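Architecture and fold: a report
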Amino acid sequence: AMSLQSSTPEALRVVNLLQERNLLPPSPIPAPTPCLTQELQKINCNPEVFRCTLTSIPQSQSLLNKAKMPLGLLLHPFKDLSQLPVVTSSTIVRCRSCRTYINPFVSFLDQRRWKCNLCYRVNDVPEEFMYNPVSRSYGEPHKRPEVQNATIEFIAPSEYMLRPPQPAVYLFLLDVSHNAVETGYLNVFCQSLLDNINSLPGDSRTKIGFITFDSTIHFYNLQEGLSQPQMLIVSDIEDIFLPTPDSLLVNLNERKELVQDVLKSLPNLFQKTMETQSALGSALQAAFKLLSPTGGRMSVFQTQLPNLGAGALQSREDPNQRASAKDIQHLSPATDFYKKLALDCSGQQVAVDLFMLSSQYCDLASLGCISRFSAGSIYYYPSYHHQHNPAQVECFQKDLKRYLTRKIGFEAVMRIRCTKGLSIHTFHGNFFVRSTDLLSLPNVNPDAGFAVQMSIEENLDDMQVVSFQAALLYTSSKGERRIRVHTLCLPVVNSLADIFAGADVQAMTGLLACMAVDRSVTASLSDARDALTNAAIDSLSSYRQSVLTIQQPGLLSPACLRLFPLFILALLKQKSFRTGTSTRLDDRVFSMCQLKYQPLTYTMLMIHPALYRVDDLTDEGALNISEQTIPQPRVLQLSVEKLSSDGAFLMDAGMVIYLWIGQNCNPNFLTQVLGVPSYAAVPDNLYLLPELDTAESQRTRAFIGWLRDQRPFFPSLHVIRDESQRKASFMQNMIEDRTESALSYYEFLLHLQQQISK
Ligand SMILES: [Zn+2]
């Protein structure tokens, strides 16, 4: 192992957290660069796709235990990429012993043999690999694209399929109870699908179908020759059968007109419904039967607690306990019905995505299992209403467009391999673990993140570097079997100083958030909160005892961990883990779901939102993207101290963007950006900025547009005044300040210091 200490002095610079109060950098924090030779680092995997909590891997488990930091990987394996090398070859070169794909970190012993960087077996280079399709030259296997790119995609030959590649199959399952009709979501859904029907990923084999349900299940017969779609009602929900199995899921191209007819008539079909019941469980069973032969994607739109038939649920939330400082009940599912069904779906290559549009408690802790174990996604629009909640309608529209048009992989599996000695023991995300390291993903979407925890089972004594490789095998929407492979290489170190120097504070925070969600469900919320605080205490104690050579007073941290206590405090105040502040149970559960399956970038914004002053935006330091100037204001600490009543401040919390207007806000901002004459004239519930032809308006909208473009979902905008109802949710993100039920940042630091010096 290498000693790296001399080469990374900045990461280990001693910071006294109690003295230095302005530690938050003014611009986004980049991922740390692993301490590798320039040559290796140049070729390493992009940290947005694959990164490790410790960029320098401890040589042994005992060393890792001493460091008291979590070891794990975070992945965004199917992320949209601007450049992706694709390789077609009849033989995919893999290690004969551990099946690792040949990658940039293998070594060539000579022209004809390569040594696996995960198990060290020596393999022969096949003849075909000697030819380089890029340079069209022969005899330079180390120049092949597989050895020049850490991220690559293979088009797989037939031995990588168990059956012919499945077509793209989409089934929509729609709640049409009275409650659902009241929300008005059907209109938006149908219009959105009509608008995007030609952009659904797929080819000439794409299939589509619809089921609606209330107390009965309604199928839509789209048989050839029908002049209009025919609704078939099955009222025996105890024993679901498919009335005409062949004409319920139909070829989209051949029956497009019938499909469009369904979408045009659906919103009006149930206008006068008196049905209050919702037999979601039976509807899901019907949908499962319909999709079983092919697999595919099931999209479920639900607006209330299912209250009839299999899978019926009862309200478990006690509204008086929403602000409880004690333990929170009912974070785990009330029934295993949805988990079992999800596992059945997973076995048939069916993923279930859940869109919850409810104003009442709907037990997301139970319903969410249907997506969690089938590799689906969960979308949540609390208090959705077509008239009363226009901001939610806009979000739903934008999310649907992304959902319907983003790329998709079917019938997928993902395996993560690591160098001998390292072992993965826990996975986080939405999937089913089929065998120890094989994740079953009936669908894979480009917005899903994953995390894993690792341990060191055998000492990595003689190793300079170790590697990690994630391989995602899937069927594309065009019916091709493909394998996307990411390989990450990291140095091995044998001193605690070097381990600390390589700590990735954001990755650690993201992984700890996943671990804390599990802890809340399996043990209790207070256990999870204690574990988070202890993570900060233990790592800083270890640093103080084992790395610092000169003892000094204060709360000391290496520079690379200087934001760790801040992020831990932010997590403790995050919707998932907070106590003492009123939090609806479904809101809490949804927030936990997001921490588990969102890629790290979006998770970090949820945990620690970015705050900017925006009433004085300038072009200084601005970015220039496709002929647009995007201002880049500095990031401010999350404290009321940073606000001033003569300004306007924008807070990017990931899913939501707040624009707070001070009482004495610069009049120029009011007229030139908001288009109102005075503070008093700022309307309540403002969620759209007017498109004014002023430099200020253009700058502000460009900045917000740019923030939105950075992520695949659409954050709604809320303009906040002191009188606004939403002011509390804005202020709750000021995590550095003290509240009735929670410590300020400074108090939290004092608490940590006390515990450390015990
Ligand atoms: Zn191997």
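Heads up: the structure comes first, above all this text.
Residues numbered from 1 in each chain as written. Predicted model: local features only at pLDDT ≥ 70, side-chain atom pairs only at ≥ 80, totals over all residues. Heavy atoms only, no water.

**Things to note about the coordination of the zinc ion**
All of the protein donors around the zinc ion are Cys 95 (SG), Cys 98 (SG), Cys 116 (SG) and Cys 119 (SG); their distances to the metal are 2.2 to 2.4 Å. Metal-centred angles of 100 to 115 degrees between the 4 donor atoms at the zinc ion mark the site as tetrahedral. Here the donor residues for the zinc ion map to a single chain with the spacing C-x2-C-x17-C-x2-C. Remark: Cys 119 occurs in the loop between β7 (113-115) and β8 (122-124) and Cys 98 occurs in the loop between β5 (86-88) and β6 (107-110); sequence separation between them is 21 residues. The class for Cys 98 is partly exposed, based on a relative accessible area of 23%. (Donors = N, O, S within 2.8 Å, 3.2 Å for Na, K, Ca; no water. Tetrahedral: all angles 85-135°; square planar, octahedral: opposite > 155°, others 65-115°. Helix = DSSP H or I, 4+ residues; strand = E, 2+ residues; numbered from the N terminus. Buried < 20%, exposed > 50% of the residue type's maximum accessible area, 1.4 Å probe, protein only.)

**Here we look at the environment of Leu 226**
Of note, Leu 226 is situated in the loop between β14 (217-221) and β15 (230-234). You can call Leu 226 partly exposed: its relative accessible area is 28%. Leu 226 sits 58 residues away from Leu 284 along the chain, and the two C-alpha atoms are 26 Å apart. Setting aside anything within four residues of it in sequence, one finds Leu 226 in contact with Asn 221 and Leu 258. (Contact = heavy atoms within 4.5 Å.)

**Details of helix α11 (residues 390-405)**
What sets the pattern is the α-helix's 3.6 residues per turn: residues three or four places apart point alike. For α11, built from 16 residues, the straight-helix expectation of 22 Å at 1.5 Å per residue is met to within 8% by its first-to-last C-alpha distance of 23 Å. For α11, the secondary structure elements touched by its buried residues are β12 (169-175), α5 (185-196), β17 (296-302), β18 (350-356), β19 (378-380) and β33 (716-720). (Expected span 1.5 Å × (residues − 1).)

**Quick notes on the side chain of Gln 453**
Within the secondary structure layout, Gln 453 lies in strand β24 (residues 450-456). A distance of 2.7 Å separates the side chain of Gln 453 from the side chain of His 428, its partner in a polar contact. Ignoring any residue separated from it by four or fewer positions in sequence, one finds Gln 453 in contact with Leu 71, Gly 72, Ser 423, Ile 424, His 425, Thr 426, His 428, Leu 511 and Met 515. (Polar contact = N/O pair within 3.5 Å; in protein donor to acceptor, adjacent residues only side chain to side chain.)

**Describing the sheet that holds strand β32 (residues 656-661)**
If you trace the 4 strands from one edge of the open sheet to the other, you get β28-β31-β32-β33, paired in mixed fashion. Edge strands, defined here as strands with exactly one partner in the open sheet, are β28 (610-613) and β33. Geometrically, the sheet is characterised by an average inter-axis angle of 20 degrees between neighbouring strands, direction not taken into account. As defined by bridge partners, β28 adjoins strand β31 (residues 648-652) across 4 bridges and the pair is classed as antiparallel. In the strand pairing of β31, Tyr 612 is matched with Leu 650. Packing of helix α18 (residues 667-674) onto the sheet brings it into contact with β31 and β32, and relative to β32 it is tilted by some 135 degrees. (Pairing = 2+ DSSP bridges. Axes fitted to C-alpha atoms, helices over the stretch in contact; angles between N-to-C directions.)

**Notes on the nonpolar core**
Of all hydrophobic cores here, the largest spans 199 residues; its most connected members are Phe 468 and Leu 674. Of the residues forming this core, the biggest block, 9 residues, is contributed by helix α13 (residues 505-522). Beyond its immediate sequence surroundings of up to four residues, Leu 674 is in contact with Leu 659, Ile 661, Phe 669, Val 682, Leu 686, Leu 689, Pro 690 and Leu 692. (Core = buried A, V, L, I, M, F, W, Y, C linked by side-chain atoms within 4.5 Å.)

**Focus: the sheet that holds β24**
Taken together, the 4 strands give an open sheet; going across it, the order is β2-β4-β24-β21, and neighbouring strands pair in antiparallel fashion. For this open sheet the edge positions go to β2 (50-52) and β21 (422-428), each flanked by a neighbour on one side alone. Going from strand to strand, the sheet's axes swing by 25 degrees on average, the running direction of each strand aside. Sheet topology note: the β21/β24 ladder contains 6 bridges and is antiparallel. Paired with Phe 427 across the two strands is Val 452, which belongs to β24.

**Focus on helix α6 (residues 256-269)**
With 14 residues, α6 ought to run about 20 Å at 1.5 Å a step, and its terminal C-alpha atoms sit 20 Å apart, in line with that. The complete set of buried residues in α6 reads Leu 258, Val 259, Val 262, Leu 263, Leu 266 and Pro 267. Those residues of α6 hidden inside the fold are in contact with β12, α5, β13 (207-213) and β14.

**Some words on the pairing of β32**
Counting buried residues in β32 gives 6 out of 6 residues, a clear majority hidden from the surface. In β32, alternate side chains face the same way, and those of Val 656, Tyr 658 and Trp 660 on one face and Ile 657, Leu 659 and Ile 661 on the other are all buried. As paired elements, β31 and β32 share 5 bridges and run antiparallel to each other. Note that in β32 the partner of Asp 652 across the bridge is Ile 657.

**Points about the packing of aromatic side chains**
This model, assessed by the stated rule, comprises 27 aromatic pairs. Ring centres of Phe 301 and Phe 355 lie 4.4 Å apart, and the angle between their planes is 10 degrees; on these two criteria the pair is classed as stacked. On the criterion of sequence distance, the pair formed by Phe 301 in strand β17 and Phe 355 in strand β18 is long-range, its members being 54 residues apart. Among the residues examined, Phe 301 registers a relative accessible area of 0% and is labelled buried. Exposure remark for Phe 355: the relative accessible area of 0% places this residue in the buried category. (Phe/Tyr/Trp six-rings, centres within 6.5 Å; stacked < 30°, edge-to-face > 60°.)

**A word on the pattern of salt bridges**
For the structure on display, the rule yields 33 salt bridges. Among the ionic pairs, Asp 110 bridges to Arg 113, the shortest N-O distance being 3.0 Å. Overall, the relative accessible area of 33% leaves Asp 110 in the partly exposed class. Accessibility expressed as a relative area gives 36% for Arg 113, which makes it partly exposed. (Salt bridge = Lys/Arg side-chain N within 4 Å of Asp/Glu carboxyl O.)

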